[in-house]
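Read off the chains here:
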Amino acid sequence: MKNILIISATSGNNYNLAQKIESLLKGKNINYQSIKLDDFSVPLYHSKIEETTDCEDISKLDSLFQDADGFIFCTPEYNGSIPPILTNAFAWISVKTANWRGVFNGKSALICTHSGGAGNNLISALRIQLNHLGVIVLPRAITISGDSPLKEESVSKILDQLVSIT
């Protein structure tokens, strides 16, 4: 059975969104696991510490990403783009993994956001980055805001599409 990794960039609204999505995945014939990036103590990446950093949490993140066949990213729009915690995780995985392309290449992903607005800048920026890494990103994203609540029927159909291509 295929494995989907649900990644929440925050412990707040986007983690709540991840939990709702997790409940909608039940019974869809797929294994899934949720993580919160802020549960991992990963230093800010820069090239001067790359060789000297041997962080257990980086290894854990790397393993979780490698073992996944697909991803669901639940993340807010942060200053009009991708939150630093998510970009930092990608940076560490790409330098600490022997076959970092294999962590991403050919895997499927769904972008989800609970943001103050529609999260369009996040969706565009994250789609570009994931496509560059070789990830096949679903054309539809899940967006939640104060003005736009979760529509379970619609989300369930999007999840069905993710499961079918994973």
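These remarks concern the structure in this document.

**Re the pairing of strand 1 (residues 3–8)**
No. 1: In terms of burial, strand 1 is a largely internal element, 5 of the 6 residues being buried.
No. 2: Sheet analysis places strand 1 next to strand 2 (residues 31–36), joined by 6 bridges and oriented parallel. Across the sheet, residue S8 finds its bridge partner in strand 2, namely K36.
No. 3: Read from strand 1 through helix 1 (residues 13–25) to strand 2, the crossover connection turns out right-handed.
No. 4: Two elements, strand 1 and strand 3 (residues 70–74), share 5 bridges in a ladder whose sense is parallel. Paired with L5 across the bridge in strand 3 is F71.

**Some remarks on the packing of helix 3 (residues 56–67) against helix 4 (residues 84–96)**
No. 1: Interaxial distance between helix 3 and helix 4 falls to 10 Å at its minimum, and their mutual angle equals 85 degrees. The pairing of helix 3 with helix 4 is recorded here as roughly perpendicular in orientation. Two secondary-structure elements touch here, helix 3 through I58, L61, D62 and F65 and helix 4 through A89, F90, W92, I93 and K96.

**Points about helix 4**
No. 1: With 13 residues, helix 4 should cover 18 Å at 1.5 Å per step; its first-to-last C-alpha distance of 18 Å lies within 8% of that length.
No. 2: The set of residues buried in helix 4 consists of L86, N88, A89, F90, A91, W92 and I93.
No. 3: Looking at the buried side of helix 4, the elements it contacts are helix 2 (47–50), helix 3, strand 3, helix 5 (100–104) and helix 6 (120–133).

**Let's talk about the packing of aromatic side chains**
No. 1: Counted under the stated rule, the structure contains 8 aromatic pairs.
No. 2: With a centroid separation of 5.6 Å and 35 degrees between ring planes, the pair formed by F71 and F73 is classed as tilted. Each member of the pair F71 and F73 is classed as buried.
No. 3: Ring geometry for F90 against F104: centres 5.7 Å apart, planes inclined by 90 degrees, an arrangement best described as edge-to-face. Taken together, the residues F90 in helix 4 and F104 in helix 5 connect sequence positions 14 residues apart.
No. 4: On the basis of relative accessible area, F90 is assigned to the buried category, the value being 4%.
No. 5: Take F104: its relative accessible area is 1%, and that puts it in the buried class.
No. 6: Ring-pair connections join several aromatic residues into one group, and the members of that group are F65, F71, F73, F90 and F104.
No. 7: It is K36 that lies over the ring of Y15; its NZ or CZ is 4.6 Å from the centre.

**Some details on the packing of helix 4 against helix 6**
No. 1: Packing of helix 4 against helix 6 brings their axes to within 13 Å, and their N-to-C directions diverge by 10 degrees. Between helix 4 and helix 6, the crossing angle belongs to the class labelled roughly parallel. The segment helix 4 lies against helix 6, with L86, T87 and F90 engaging L126, Q129, L130 and L133.
No. 2: The residue makeup of the contact of helix 4 with helix 6, split by class, is 5 nonpolar, 2 polar and no charged.

**A look at the pairing of strand 4 (residues 108–114)**
No. 1: Of all 7 residues in strand 4, 6 are buried, a share of seventy percent or more.
No. 2: Sheet topology note: the strand 4/strand 5 (residues 136–137) ladder contains 2 bridges and is parallel. Within strand 5, the residue paired with A109 across the bridge is V137.
No. 3: Sheet analysis places strand 4 next to strand 6 (residues 142–144), joined by 3 bridges and oriented parallel.

Basis of the calculations
Per chain, residue numbering runs from 1 following the sequence as it is written. The predicted nature of this model means local features are confined to residues of pLDDT at least 70 and side-chain atom pairs, given and counted, to a pLDDT of 80 or more, with totals for whole chains, interfaces and linings taken over all residues. Only hydrogens and water are set aside; all other atoms, that is, all heavy atoms of the structure, feed into the side-chain values. Each residue gets one of three labels from its accessible area relative to the maximum for its type: buried under 20%, exposed over 50%, partly exposed in between, using a 1.4 Å probe on protein chains only. Helix and strand assignments come from DSSP, with helices taken as H or I runs of at least 4 residues and strands as E runs of at least 2, each series counted from the N terminus. Paired strands, in this sense, are two strands between which DSSP finds at least two bridges. Classification remark: right-handed applies to a crossover when, strands pointing away from the viewer, the course from the first strand over the helix to the second runs clockwise. Axes here refer to lines fitted to C-alpha atoms; in helices the fit is confined to the stretch in contact. Angles between the N-to-C directions go from 0 to 180 degrees. Angle categories are assigned with fixed cut-offs, so that under 35 degrees is roughly parallel, over 145 is roughly antiparallel, 65 to 115 is roughly perpendicular, and the rest are oblique. By the convention used here, residues are in contact when the closest approach between their heavy atoms is within 4.5 Å. For a helix, the expected span equals 1.5 Å multiplied by the number of residues minus one. Only Phe, Tyr and Trp rings take part, Trp by its six-membered ring, and two of them pair if their centres are within 6.5 Å. Stacked means planes under 30 degrees apart, edge-to-face means over 60, and tilted covers everything else. Both a distance and an angle decide whether a charge sits over a ring: NZ of Lys or CZ of Arg must be within 6 Å of the ring centre and within 35 degrees of the ring normal. Side-chain classes follow a simple rule in which Ala, Val, Leu, Ile, Met, Phe, Trp, Tyr, Cys and Pro form the nonpolar group, Asp, Glu, Lys and Arg form the charged group, and the remainder, Gly included, forms the polar group.

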